[in-house]
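Structural overview
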Amino acid sequence: MVENGEKDDGMKSGKGRLIVLTGPTAAGKGTVEANLLSKHPEVWVSVSATTRDPRPGEIDGKNYWFMDEQEFRSKEARNWFLETAVVHGMAHYGTPLQPVCDHLKANIPTILEIDLQGARRVKQRASELNLEIVSVFIAPPSYDELVKRLIGRGTENEEQRKKRLETAKVEMAAESEFDVTIINDSVDRAADELWNVIVQEYGVGA
Ligand SMILES: Nc1nc2c(ncn2[C@@H]2O[C@H](COP(=O)(O)OP(=O)(O)O)[C@@H](O)[C@H]2O)c(=O)[nH]1
Ligand SMILES: Nc1ncnc2c1ncn2[C@@H]1O[C@H](COP(=O)(O)OP(=O)(O)O)[C@@H](O)[C@H]1O
């Protein structure tokens, strides 16, 4: 066991590649992950830290580690994170490093659900951390459908939705940077496609 922030050779011994999952707001990332986990509970999805407020029903330590900006910045200064980003120009988000090292070392299929900036940062740090990654982009069937899903989810006010849609346009334009694109028209099928990526990368369940 090493302290957070130190280089962990667990990254070297892990066989599978880290799955970095990105997609615009309300494309259905959380819904697809929940479907995948219901069918394949052996998959581990990293729990990020965030300074945004919890949505109704969200549980600390399950959906996110919710913390204030002071705590987030202090952890950031101690290299506690694999990557961090300010998303939608509003809240800080970050991936705790050590649990990722531990799960990869144990060869447990590991998914990070992070934004475009975070995905780029993980790619930049890949060689420093001896980390192999496969990047997956979850796309909505269309931009109009994404707007419908965002409104239908009903968890943001109009100003927050506007910011999310601005970010969404930037993220959708970056799709070609990713190794695999999964279009989330049917949740069940999209989750199966994601599982196929895991089977290919980790050789599990085949
Ligand atoms: N860079 C980074 N992005 C994250 C992290 N956790 C979540 N995100 C991203 O932050 C964005 C906002 O997430 P969230 O507040 O749950 O809103 P939603 O995507 O609209 O449901 C999404 O693009 C997430 O993928 C993280 O640890 N690091
Ligand atoms: N394939 C789909 N078809 C229709 N609605 C969907 C689909 N996938 C997700 N949704 C809905 O879209 C909204 C946004 O999904 P969510 O998983 O919160 O997105 P994200 O995590 O990407 O922000 C939710 O209300 C969800 O129920």
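Here is a short report on the structure shown in this document. Because the structure is predicted, anything quoted here is derived from the model rather than measured.

Notes on the nonpolar core
- The biggest cluster of nonpolar side chains holds 45 residues, and the ones touching the most others in it are Leu18, Ile19, Ile111, Val122 and Leu194.
- Counting residues per element, this core draws most heavily on helix H8 (residues 187–202), which supplies eight residues.
- Beyond its immediate stretch of four places on either side in the chain, Leu194 contacts Ile19, Leu21, Val32, Leu36, Ile111, Val136 and Ile182.

Some words on the sheet that holds strand E3 (residues 49–50)
- Taken together, four strands build an open sheet; the order of strands is E4-E3-E6-E5 and the sheet is mixed. At either end of the open sheet lies a strand with only one pairing partner, and these are strand E4 (65–66) and strand E5 (81–87).
- In this sheet, strand E6 (residues 91–96) lies alongside E5 in antiparallel orientation, the contact comprising six bridges. Within E6, the residue paired with Thr84 across the bridge is Gly94.

Focus on unusual backbone geometry
- One non-glycine residue, Asn107, adopts positive backbone phi at about 55°.
- Mapped onto the elements of the fold, Asn107 is located in the loop between helix H4 (97–105) and strand E7 (110–113).
- With a phi angle near 55°, Asn130 is a residue other than glycine that sits in the positive phi range.
- Take Asn130: it is sitting in the loop between helix H5 (116–125) and strand E8 (133–139).
- Judged by relative accessible area, Asn130 falls into the partly exposed class, the value being 34%.

Calculation notes
- Every chain is numbered on its own, with residues counted from 1 as its sequence reads.
- Chain A is the first chain written and ligand 1 is the first ligand written, with later ones labelled in order.
- It should be noted that, the model being predicted, local features are given only for residues of pLDDT at least 70 and side-chain atom pairs only at 80 or more, the latter also being counted only at that level, while totals for whole chains, interfaces and linings use all residues.
- Excluding hydrogens and water, the side-chain figures rest on all heavy atoms present in the structure.
- Here, the term nonpolar core denotes a set of buried Ala, Val, Leu, Ile, Met, Phe, Trp, Tyr and Cys residues that are joined through side-chain atoms within 4.5 Å.
- Burial here depends on accessible area, computed with a 1.4 Å probe over protein chains only, as a share of the maximum for the residue type. Under 20% is buried, over 50% is exposed, and the range in between is partly exposed.
- Helix and strand definitions here come from DSSP, where helices need a minimum of 4 consecutive H or I residues and strands a minimum of 2 consecutive E residues; each element is numbered from the N-terminal end.
- The contact criterion used is simple: two residues touch if any of their non-hydrogen atoms lie within 4.5 Å.
- Here, a strand pair is defined by DSSP locating no fewer than two bridges between the strands.

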